[in-house]
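An overview of the molecular structure
As a plain string of letters, each chain reads:
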Amino acid sequence: MKRIWAALAISLLPICATAQDEPSDYRMDHYRGPVPATLAGGTVVGPEEAHRLWEEGATAFIDVLPQAPKPANLPPGTIWRDKPRNSIPGAIWLPNVGYGALADVTHDYFKRGLAKVTDGDKSHPVLMFCLEECWMSWNAAKRALEYGYTTVYWLPEGTDGWSLWDYPLEQITPEEPQP
């Protein structure tokens, strides 16, 4: 029954949402909202196609959902817990690499994460995702293409669309930055 509702919801998306034209540069603000229907140089996939790629096991899945940093001004003794992230099983989580402008250290972090999951092979397929209507994943996919990756998939529905189809999720933690 969940799949029937998912199919109905996806069939209504063109009526309910207005896709944006693909910009020539990165989205720099307002990261949640209607996203483009295209990714120049990449391949846009829906949850069913992403699931097929996931089952085949040849594509690296990269979650780019941002993660809020621990506030520096917390009173002593305050307990801080990062918000748990339920994601596609086997995905690597590279938070904050989908912003429009990145510091050099964040570029390096993203490049190291990509190299890790592809064994340095820029032809190895990668799939970027976040949440539904999240420009972070579009920015990250565009950036991977600019880094020279040749087989880049983008899942605009992210984990929201994935879970709507009742595909599995698991809790993951961010990939640790290397100095």
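In what follows, the structure referred to is the one given above.
Attention here is on the structure that accompanies the text. Per chain, residue numbering runs from 1 following the sequence as it is written. Where totals are concerned, whole chains, interfaces and linings use all residues; where local detail is concerned, this predicted model gives features only for residues with pLDDT of at least 70, and gives and counts side-chain atom pairs only at 80 or more. Processing note: side-chain calculations cover all non-hydrogen atoms of the structure and skip hydrogens and water entirely.

1. Side note on the overall build of the protein
Note the threshold: Comment: elements are numbered from the N terminus, with helices defined as DSSP H or I runs of at least four residues and strands as E runs of at least two. For the exposure calls, accessible area comes from a 1.4 Å probe over protein chains only, and a residue counts as buried if that area is under 20% of its type's maximum, exposed if over 50%, partly exposed in between. Note on contacts: a residue pair is in contact if any heavy atoms of the two residues lie within 4.5 Å. A 1.4 Å probe and the Shrake-Rupley method give the accessible areas. Residues count as covered only by the protein chains that appear here.
Helix and strand content of the protein: five helices and seven strands. Helices (α) and strands (β) of the protein occur, in sequence order from the N terminus, as α-β-α-β-β-β-α-β-α-β-α-β. Put simply, the protein has 179 residues, and 40% of those count as buried. If you take every contact in the protein between residues at least 6 apart in sequence, the share linking residues at least 24 apart comes to 80%. Surface summary for the protein: the accessible area is close to 9,700 Å², and the carbon and sulfur share equals 55%.

2. Re helix H2 (residues 47–56)
Here is the rule: In this context, the arc is that of the directions from the helix axis out to the C-beta atoms.
Looking only at H2, the buried set comprises Pro47, Ala50, His51 and Leu53. The buried residues of H2 occupy an angular sector of 160 degrees when the element is viewed end-on, so they sit on one face. With its phi angle positive at about 80 degrees, Gly57 sits one or two positions after the end of H2.

3. A look at the layout of surface pockets
For the record, the criterion: Method remark: on a 1 Å grid restricted to protein atoms, a set of points is classed as a cavity if a 1.4 Å probe fits but cannot get out and as a pocket if it is open with protein on both sides within 12 Å along at least five of seven lines; lining residues have an atom within 4 Å of a point. Grid points are joined across faces, edges and corners, and a volume is the space filled by probe spheres set on the points. Gly counts as polar in this scheme, as do all residues outside two lists: the nonpolar Ala, Val, Leu, Ile, Met, Phe, Trp, Tyr, Cys and Pro, and the charged Asp, Glu, Lys and Arg.
By volume, the second largest pocket is sized at about 230 Å³. Partitioned by chemical class, the residues of the lining of the second largest pocket number seven nonpolar, two polar and three charged.

4. Examining the nonpolar core
Put simply, the rule is: Residues enter a nonpolar core if they are buried and are Ala, Val, Leu, Ile, Met, Phe, Trp, Tyr or Cys, with the set joined through side-chain atoms within 4.5 Å.
Ile62, Val64, Phe110, Leu114, Met128 and Val152 are the most contacted members of the largest nonpolar core, which has 32 residues in total. Going through the elements one at a time, strand S2 (60–63), strand S4 (92–93), helix H3 (104–118), strand S5 (126–129), helix H4 (135–146) and strand S6 (152–155) are the ones with two or more residues in this core. At seven residues, H4 tops the list of elements feeding residues into this core. Core analysis: the next-biggest nonpolar cluster, separate from the first, contains 13 residues, Leu53, Phe61, Ala91 and Tyr153 among them.

5. With respect to the side chain of Thr159
Stated formally: Polar contacts, as used here, are pairs of N or O atoms within 3.5 Å; protein pairs need one atom able to donate a hydrogen and one able to accept it. Residues neighboring in sequence count only if both atoms are side-chain atoms.
Along the chain, Thr159 turns up in helix H5 (residues 158–164). The buried category is assigned to Thr159, whose relative accessible area is 5%. Engagement of the side chain of Thr159 in a polar contact is seen with the side chain of Arg85, the distance being 3.2 Å. Residues in contact with Thr159, not counting those within four places in the same chain, are Arg85, Asn86, Ser87, Ile88, Phe129, Cys130, Leu131 and Leu169.

6. A few points about the sheet that holds S2
Under the convention used in this document: Two strands qualify as a pair provided that DSSP identifies no fewer than 2 bridges between them.
Within the open sheet, the five strands sit side by side as S1-S6-S5-S2-S4. Their pairing is parallel. Both outer strands of the open sheet, strand S1 (43–44) and S4, are each paired with one neighbouring strand and no more. Taken together, the two bridges between S1 and S6 define a ladder with parallel strand orientation. Its bridge partner being in S6, Thr43 is matched across the sheet by Tyr153.

7. Section: the packing of aromatic side chains
Defined as follows: Two rings from Phe, Tyr or Trp (for Trp, the six-membered ring) form a pair when their centres sit within 6.5 Å of each other. Planes less than 30 degrees apart are called stacked, planes more than 60 degrees apart edge-to-face, and all others tilted.
Taken as a whole and judged by the stated rule, the model has eight aromatic pairs. Relative to Tyr99, the ring of Tyr31 has its centre 5.3 Å away and its plane inclined at 85 degrees; by these criteria the two rings are edge-to-face. Highlighted residues: Tyr31 in the loop between helix H1 (2–16) and S1 and Tyr99 in the loop between S4 and H3, separated in sequence by 68 residues. On the basis of relative accessible area, Tyr31 is assigned to the buried category, the value being 17%. Measuring from centroid to centroid gives 6.5 Å for Trp165 and Tyr167, while their planes differ by 15 degrees, and the two rings are stacked. Like Trp165, the residue Tyr167 is buried in the burial classification.

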